[in-house]
Structures are given as structure tokens and as C-alpha cells.
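An overview of the molecular structure
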Amino acid sequence: MTKRTIIITGGAGFIGSHVVRLFVNKYPEYRIINLDKLTYAGNLANLRDVEAMPNYRFVRMDICDFEGVLKLMQEERVDGIIHLAAESHVDRSIHDPFTFARTNVMGTLSLLQSAKIYWESLEEGYEGKRFYHISTDEVYGALEFDDTLFTEQTSYNPHSPYSASKASSDHFVRAYHDTYGMPTIVTNCSNNYGPYQFPEKLIPLFINNIRQRKRLPVYGTGENVRDWLYVEDHARAIDLIFHRGKVADTYNIGGFNEWRNIDLIKVIIATVDRVLGNPEGYSLDLIEYVTDRLGHDARYAIDSTKLSRELGWMPSLQFEEGIERTVRWYIDNEAWLRDIATGDYKRYNENK
Ligand code: NAD
Ligand code: TDX
């Protein structure tokens, strides 16, 4: 059995918590270190079920703390990094771009440089090491309302401060391979949905608002298109690519599942109303068209053929089932949402 020591950054966030859970449960022989600063988006309650596992350790640290990360890598003899920590919300990036440049660009650079110094100090060097950077389809820019898809060959053309910062971090990761020979991998995934997503993002925000009979702010005309993937399918892809992906390569991850925002919102309303026992169409009156997001990208759609062809990955869930599970999770875990609304989740974080 191969033993590995892996840092997963951003493990207290939405996708990171699913990746940590998968790795801690699936690989008892690994040591999994969740390195997270616990910003507003970090919530250790996402990991209650694995926090006592012997192969899991949480370290509260900022990825920009270059010396701290280097020391941790040396002490723990880290041989893999799966990097998810980021500022991730497009709307916040429009109001506060500096925080996005700091964490997403400088933070990624700090991790890369720590890994370089530590791995190059070892006799075996980069042998058996892996730096896996998780990125987004938004770096490719926006598609027209047609049938084109983002492939791994699509040129980068980011529009928001968020996607510009992610694009920059992707370039740094590839530069560390091309310049120093670091064994890097980058993946670009479409919009994720599922349990534990911070309720500032469309799907959990709208489920929560419907539950509370609050208005549903639809940006612009509601015609923008996003490509949705269930978060556990993304986590499975990350596991596969971390272990079997080709070094220096890029893989797109997505489920060929495009939805116009307004159509998706109607599915969410119908599902929540059904689960809550409301009459059909009961919450449609909550829809409110509001001023559009600045620079709102029209359409994202990922071609993940390469990942299926080369590594055999396929999404496991139909969208209808994924949305049903997601809605039920947020309804059943009302306390998780309430702790975020009241800020109590921060107290839970402080006590860990
Ligand atoms: P999230 O906002 O839910 O979680 C981010 C986590 O990173 C939080 O736990 C936060 O505390 C931590 N963090 C932030 N700044 C940090 C810092 N300076 N140092 C250490 N930790 C820090 O994000 P998410 O939606 O889970 O996204 C995770 C990654 O996946 C991001 O890199 C994002 O760009 C990428 N991604 C997200 C999606 C999506 O739909 N959510 C899609 C494709 C790619
Ligand atoms: O209140 C809202 N009203 C609305 O119409 C919100 C929060 C969103 N929207 C629209 C904007 C988008 O077209 O819904 C769509 C989805 O919005 P978000 O959930 O904010 O996601 P998006 O901007 O598409 O970015 C997400 O997917 C790619 C993640 O937040 C990123 O981290 C990821 O990289």
C-alpha cells in the first residue's frame, strides 16, 4: 500500500470538504492535512464526520504564509498538494478584487514556491510528487448562445476579477512545470452544486430564500447559461486525476448539463415547493428580476470528452436526482444554514 501525505488546501470550503471526506475515508493509509485559513467561506462543521479520523489533521493557515507552509511541508514530509483554497465568489470579486489577487494569485505562488524549495531539497527531488491545482471554466471567458464548448485548447479570456485571478494562478502553476520541472496538473471544472455550498451562490441561496419566503434576485434577464455538476462527481474526478492524470496536463471537468438560469430557478422552486408540501407554483411569485451582474458572462459549457476518453470518468448522477438530493439536504440541514445566518459557525470554527 502506498503511503502518501497530502495537503488539501481549502478543505473547510464547499468542494474542499467533499474532497477531504472522500480521501480520508477511501485512503486510510494516507495522511490528509486540511490547510485552511477559515475565511467567511470556511466552515469546519462541513467535516464533523471525519474530524476524529486518525489519518486527518486540520491546520489553520493562510496559503500566503509562505514560511508557515514550507515548515509544514518539511515537518509532515508532504508529497502531494491538492489546491482548492481560493476566494470563489464572482460578486465579491467585483467589489473587492485585491483580496482575490492576494489569495488566488499570491497564495498559489506561495504554495508553489514552498513546494519547490521543499521537494528540490530532497534526494529524490520531484519523483513521486504532485501539485494539483483546481481551477474553473470561467478562465476561458464566455461563450455565445450556440452549441460551442470550452475544450482544453480554448484560449484563456477571463472577464471578472475572480476569473482573471484564477487564470493568473493557472499560468503560474504551468510556469512551475515548464521552468522548474514541477509535476503539476490543472483541471478546469464547471459550476458545482450540492451539500455544504455557502449560501451566497445561486442554488443554496435560492433554496434558503424559498424556504423563508424571501425574494429570489434573478440577475438581468435570467437567460445566462451555466453548466452544472454535482460536487461529489467533481470530487471523484479529482481523486482519479490526482492518481492517474498525466503530469503537466490539463483536464476539463463537466457533465454536459447546461441550464438557463431562469429554467434552473423554476426547477428549484418546483422541487422545494414539492418537498415542503406547498401547492404547485406556490413560490414563483418570489422571482424578482434585478440589475444585472457587471460583466455577467453569457454562457459557460465544458467539453469533458478528454477526461472520459483518457481516464474513463463519467458523472454518476442525473441532474434531476442531484437537485432532488441537494434540495432535501438543505431542507433537512436547516441548522447548518441557520448557523451561517447567525454567524454561529464562526464560534464552531474557533473551538477547533
Ligand atoms: P469556497 O469559497 O466554498 O471555499 C474556499 C475555501 O478556501 C474556504 O474554506 C476558505 O476558508 C479557504 N480559503 C480562502 N482563502 C484562503 C487563504 N488565503 N488561505 C487558506 N485558505 C483559504 O470555494 P469552493 O466553491 O469550494 O471552490 C474551491 C475551489 O474550486 C476554488 O479554487 C474554486 O476556484 C474552484 N472551483 C469552484 C467551482 C464552484 O462551482 N464552486 C467550480 C470550479 C472550480
Ligand atoms: O443571486 C443571484 N442571482 C443570479 O441570477 C446569484 C448569486 C447568481 N445569479 C446568477 C449569476 C450566474 O449566472 O446565477 C448564475 C450562477 O451564479 P453563482 O452561483 O454566483 O456562480 P458563478 O458566478 O457561475 O460562478 C460559480 O461557478 C464557477 C462559482 O461561484 C465559481 O467559484 C466557479 O469557479
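Owing to the predicted nature of the structure, the values given are computational and were not obtained by experimental measurement. (Residues numbered from 1 in each chain as written. Chains lettered and ligands numbered in written order. Predicted model: local features only at pLDDT ≥ 70, side-chain atom pairs only at ≥ 80, totals over all residues. Heavy atoms only, no water.)

Let us look at the site of ligand 2. Contacts to ligand 2 come from 20 residues, most closely from Thr 136, Glu 138, Tyr 162, Arg 293 and His 296. The side chain of Thr 136 places a nitrogen or oxygen atom 2.7 Å from an oxygen atom of ligand 2. Separating an oxygen atom of ligand 2 from a side-chain N or O atom of Arg 226 is a distance of 2.8 Å. Every element with two or more residues in the shell around ligand 2 is listed here: α6 (202–211) and β8 (216–219). Of the residues belonging to the shell around ligand 2, the class tally is nine nonpolar, six polar and five charged. (Near = heavy atom within 4 Å. Polar contact = N/O pair within 3.5 Å; in protein donor to acceptor, adjacent residues only side chain to side chain. Helix = DSSP H or I, 4+ residues; strand = E, 2+ residues; numbered from the N terminus. Nonpolar A, V, L, I, M, F, W, Y, C, P; charged D, E, K, R; others polar.)

The buried count for strand β9 (residues 225–230) comes to six of six residues, which makes it a mostly enclosed element. Looking at chain direction, strand β7 (residues 191–193) and β9 are connected through three bridges and run parallel. When the sheet's bridge partners are listed, Asn 191 is paired in β9 with Trp 228. Inspection of the sheet shows β9 paired to strand β11 (residues 258–260) by three bridges, in the antiparallel sense. For Val 225, the partnering residue across the bridge sits in β11 and is Arg 260. (Buried < 20%, exposed > 50% of the residue type's maximum accessible area, 1.4 Å probe, protein only. Pairing = 2+ DSSP bridges.)

Bringing the site of ligand 1 into the picture now. Taken together, 28 residues lie near ligand 1, and Ile 15, Asp 36, Ser 88, Tyr 162 and Lys 166 sit nearest. Residue Asp 62 places a side-chain N or O atom 3.0 Å away from a nitrogen atom belonging to ligand 1. Take Leu 84: an N or O atom from its main chain is 2.9 Å from an oxygen atom of ligand 1. Contact with the protein chains hides 97% of the accessible area of ligand 1, taken as 840 Å² for the molecule alone. (Areas by Shrake-Rupley, 256 points an atom, 1.4 Å probe, with all protein chains shown as cover.)

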